[in-house]
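# Fold and geometry: a report
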Amino acid sequence: MWLKAIIVLLFLAVLASLTSALVFLLRDMGAPESKRTLYALGIRVGLAALLLFAIWYGFDSGQLANTAPWADKY
């Protein structure tokens, strides 16, 4: 159960980082030396990698499973 909470928190953190990158992009349009957007997107990439690792770990350990009704048809 704790893994699902971690996955949800990581997903929300990715969304927050993406939103902050958009805000920084819009605020820093006239300042080309500002790297806040770049840093926010770099954090998003790191969080997305952690999210993918958490999902992989969940499937590998058996804590997550595919329960879609069409999963066994293909």
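Before reading on, note that the structure itself is shown above.
On a predicted model such as this, the values are computed, not experimentally measured, just so you know.

On the secondary structure map, T37 appears in helix α2 (residues 36–61). Among the residues examined, T37 registers a relative accessible area of 17% and is labelled buried. The contact partners of T37, leaving out residues within four places of it in the chain, are A21, F24 and L25.

Here we take up the packing of aromatic side chains. Enumeration according to the criterion identifies one aromatic pair in this entry. Ring centres 5.6 Å apart and planes at 35° place the aromatic pair F53 and W56 in the tilted group. Here F53 pairs with W56, and both are found in helix α2, just three residues apart, close to one helical turn.

Now for the pattern of salt bridges. Tallying each qualifying case throughout the model produces one salt bridge. Here R36 and D28 are joined by a salt bridge, their closest N and O atoms 3.0 Å apart. Residue classification places R36 among the partly exposed residues on the basis of a relative accessible area of 35%. Residue classification places D28 among the buried residues on the basis of a relative accessible area of 16%.

Our focus in this paragraph is helix α1 (residues 2–27). For α1, with 26 residues, the first-to-last C-alpha span of 37 Å sits near the 38 Å given by 1.5 Å per residue. Taken as a whole, α1 has its buried residues at L3, I7, L10, V14, S17 and A21.

As for its placement among the helices and strands, D28 is situated in the loop between α1 and α2. In terms of polar contacts, D28 uses its side chain to reach the side chain of R36, at 3.0 Å. For D28, the residues in contact, after removing those within four places along its chain, are S34 and R36.

Reading the values: rules and limits
- Residues numbered from 1 in each chain as written.
- Predicted model: local features only at pLDDT ≥ 70, side-chain atom pairs only at ≥ 80, totals over all residues.
- Heavy atoms only, no water.
- Helix = DSSP H or I, 4+ residues; strand = E, 2+ residues; numbered from the N terminus.
- Buried < 20%, exposed > 50% of the residue type's maximum accessible area, 1.4 Å probe, protein only.
- Contact = heavy atoms within 4.5 Å.
- Phe/Tyr/Trp six-rings, centres within 6.5 Å; stacked < 30°, edge-to-face > 60°.
- Salt bridge = Lys/Arg side-chain N within 4 Å of Asp/Glu carboxyl O.
- Expected span 1.5 Å × (residues − 1).
- Polar contact = N/O pair within 3.5 Å; in protein donor to acceptor, adjacent residues only side chain to side chain.

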